[in-house]
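Listed below are the residues making up each chain.
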Amino acid sequence: MIRKYFTDITLVVVAIIWALNFSVVKVSLSEIDPYSFNAIRFIFASGLLCAAAYKKGVSIKVSKVHFWPMVGIGLIGNLVYQVLFIIGINLTLAANAAVMLGTIPIWVAIFSHFFTDEKLTVLKTVGILFAFGGVAFIITGGKNPISFESDTFIGDIITILSAVVWAIYTILSKKYLKHYNSTQFSGFMSLIGFICLFTIGTPFLFKMDWSAVSVPAYGGIVYSGLFSVGLAYLIWNNGISKIGAVRTAAYQNLVPVLGLLFGVLILDEQLTPFQYIGSLFVITGIVMARYKTR
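Being a predicted model, the structure only gives us computed values, none of them experimental. (Residues numbered from 1 in each chain as written. Predicted model: local features only at pLDDT ≥ 70, side-chain atom pairs only at ≥ 80, totals over all residues. Heavy atoms only, no water.)

Notes on the packing of helix 2 (residues 34-55) against helix 9 (residues 215-243)
Here helix 2 crosses helix 9 at 45 degrees, and the two axes come no closer than 8 Å. Put simply, helix 2 runs oblique to helix 9. Crossing handedness for the pair helix 2 and helix 9: right-handed. Here Phe37, Ile40, Arg41, Phe42, Phe44, Ala45, Leu48 and Leu49 of helix 2 lie close against helix 9, whose contacting residues are Gly220, Ile221, Val222, Ser224, Gly225, Leu226, Ser228, Val229, Gly230, Leu231, Tyr233 and Leu234. Within the contact of helix 2 with helix 9, the residues separate by chemical class into 14 nonpolar, five polar and one charged. (Axes fitted to C-alpha atoms, helices over the stretch in contact; angles between N-to-C directions. Helix = DSSP H or I, 4+ residues; strand = E, 2+ residues; numbered from the N terminus. Parallel < 35°, antiparallel > 145°, perpendicular 65-115°, else oblique. Left-handed = near helix turned anticlockwise from the far one by under 90°. Contact = heavy atoms within 4.5 Å. Nonpolar A, V, L, I, M, F, W, Y, C, P; charged D, E, K, R; others polar.)

In structure tokens:
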């Protein structure tokens, strides 16, 4: 049973990691600029993924015919997305970011239907809409602040653009995950990200007063690099290769549900009826999107 649903279990782990990552990143960005943050966390991310490839005895080298297309995909997923994500979350509220990133499964489903052989079924479509509706219930029906006023408008737009970019990265990755295993693919992609983001971040690294940065802020860099990028990328790419882009993306909607759970367990928060309904919608939607019709 565990073996049958191992991929799903690991994607739930990714949702847990990303649910915590919103708060972790916000803490770090209160003391560290976004470009320095991205540069350093990708040292940890690429180090972990390249080490994983080495331990499995696979090379992160790719064939000449695939090299430049994969570099392009790496730039989309590890440069464009990461820059948009970190700037967007820095300029908006965590609750707003959860709504914007909750659209990822919708974009993945639409792009997959029109540009790949992974077509939408009625069940998948209803499941995706159920899950996103659940996210909307959770965010709008809770006590966490959410505002689409002018103060957060630019951050909201940037964050939703990052969701579209991540969906494109997810779709494009599927083709090459047929040629390379997820460890090899993730290692190559992370190396592209490290080279680009470290190059962009270098001027900012020298401007930072690192002695004034707190231990929690440093911890946020390590957590975000090793887990929300390194381990999460490995699991995400494995999910795309094993169960497809649409069903993998559906697990993104678990993030706000788990955020609520952490609030109850850690902060002793109380949930509203709308949040209970939203959580049920999300779980139902994921199950429907996961079900493979004959």
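Looking at empty space enclosed by the protein
Scanning the model with the defined rule gives one cavity of 30 Å³ or more in all. By volume, the largest cavity is sized at about 180 Å³. Trp18, Asn21, Tyr81, Phe85 and Ser228 are, among the 14 residues lining the largest cavity, the residues nearest its centre. Every element with two or more residues in the lining of the largest cavity is listed here: helix 1 (6-29), helix 3 (64-91) and helix 9. (1 Å grid on protein atoms, 1.4 Å probe; cavity = no way out; pocket = protein on both sides within 12 Å on 5 of 7 lines; lining within 4 Å. Points joined across faces, edges and corners; volume = space filled by probe spheres on them.)

What about a nonpolar patch on the surface?
Together, Leu91, Phe153, Ile154, Ile157 and Leu161 give the surface a local cluster of nonpolar side chains, amounting to about 460 Å² of exposed area. For the nonpolar patch, the element with the highest residue contribution is helix 7 (residues 150-176), accounting for four residues. Position of Leu161 relative to the elements: it lies in helix 7. (Patch = residues over 30% accessible without salt bridge, like charges linked within 9 Å, V, L, I, M, F, W, Y side chains within 5 Å. Areas by Shrake-Rupley, 256 points an atom, 1.4 Å probe, with all protein chains shown as cover. Salt bridge = Lys/Arg side-chain N within 4 Å of Asp/Glu carboxyl O.)

Here we look at the nonpolar core
Soluble globular proteins: nonpolar side chains tend toward being buried together. In terms of nonpolar packing, the biggest core is built from 74 residues, with Trp18, Met70, Val108, Trp166, Phe185 and Leu254 touching the most fellow members. Ranked by residue count, the leading element in this core is helix 9, at 11 residues. Residues in contact with Val108, not counting those within four places in the same chain, are Ala167, Thr170, Ile171, Ala245, Val246 and Ala249. (Core = buried A, V, L, I, M, F, W, Y, C linked by side-chain atoms within 4.5 Å. Buried < 20%, exposed > 50% of the residue type's maximum accessible area, 1.4 Å probe, protein only.)

Remarks on the packing of aromatic side chains
Centre distance and the angle of the planes are the two values used to describe a pair of aromatic rings. According to the stated counting rule, one finds 15 aromatic pairs in the structure shown. Measuring from ring centre to ring centre gives 6.4 Å for Tyr169 and Tyr233, while their planes differ by 35 degrees; the resulting arrangement is tilted. Placement of Tyr169 in helix 7 and of Tyr233 in helix 9 is noted, with a sequence separation of 64 residues between them. Judged on exposure class, the residue Tyr169 and its partner Tyr233 are both buried. Taking the centre distance of 5.5 Å and the plane angle of 35 degrees together, the rings of Tyr223 and Phe227 count as tilted. Of the two residues, Tyr223 and Phe227 are both situated in helix 9; the distance of four residues between them amounts to about one turn of the helix. (Phe/Tyr/Trp six-rings, centres within 6.5 Å; stacked < 30°, edge-to-face > 60°.)

Considerations on helix 2
Here helix 2 is 22 residues long and its end C-alpha atoms lie 31 Å apart, about the 32 Å a rise of 1.5 Å per residue gives. Pro34, Ser36, Phe37, Asn38, Ala39, Ile40, Arg41, Phe42, Ala45, Ser46, Leu49 and Ala53 are the residues of helix 2 that are buried. Considering only its buried residues, helix 2 is in contact with helix 1, helix 3, helix 8 (182-207) and helix 9. At the N-terminal boundary of helix 2, the capping side chain belongs to Asp33, with an oxygen 3.0 Å from the backbone nitrogen of Tyr35. In the stretch just after helix 2, Gly57 is the one whose phi turns positive, near 75 degrees. (Expected span 1.5 Å × (residues − 1). Polar contact = N/O pair within 3.5 Å; in protein donor to acceptor, adjacent residues only side chain to side chain.)

A word on the packing of helix 2 against helix 8
Across the interface, helix 2 lies against helix 8 with an axial gap of 7 Å and an inter-helix angle of 155 degrees. Classified by the interaxial angle, the pair formed by helix 2 and helix 8 is roughly antiparallel. Like other packed secondary-structure pairs, helix 2 and helix 8 cross with a definite hand, here left-handed. Its residues assigned to classes, the contact of helix 2 with helix 8 shows 16 nonpolar, nine polar and no charged.

Things to note about the environment of Asn38
The topology assignment puts Asn38 in helix 2. Within the structure, the side chain of Asn38 is placed 3.2 Å from the backbone oxygen of Gln82, a separation counted as a polar contact.

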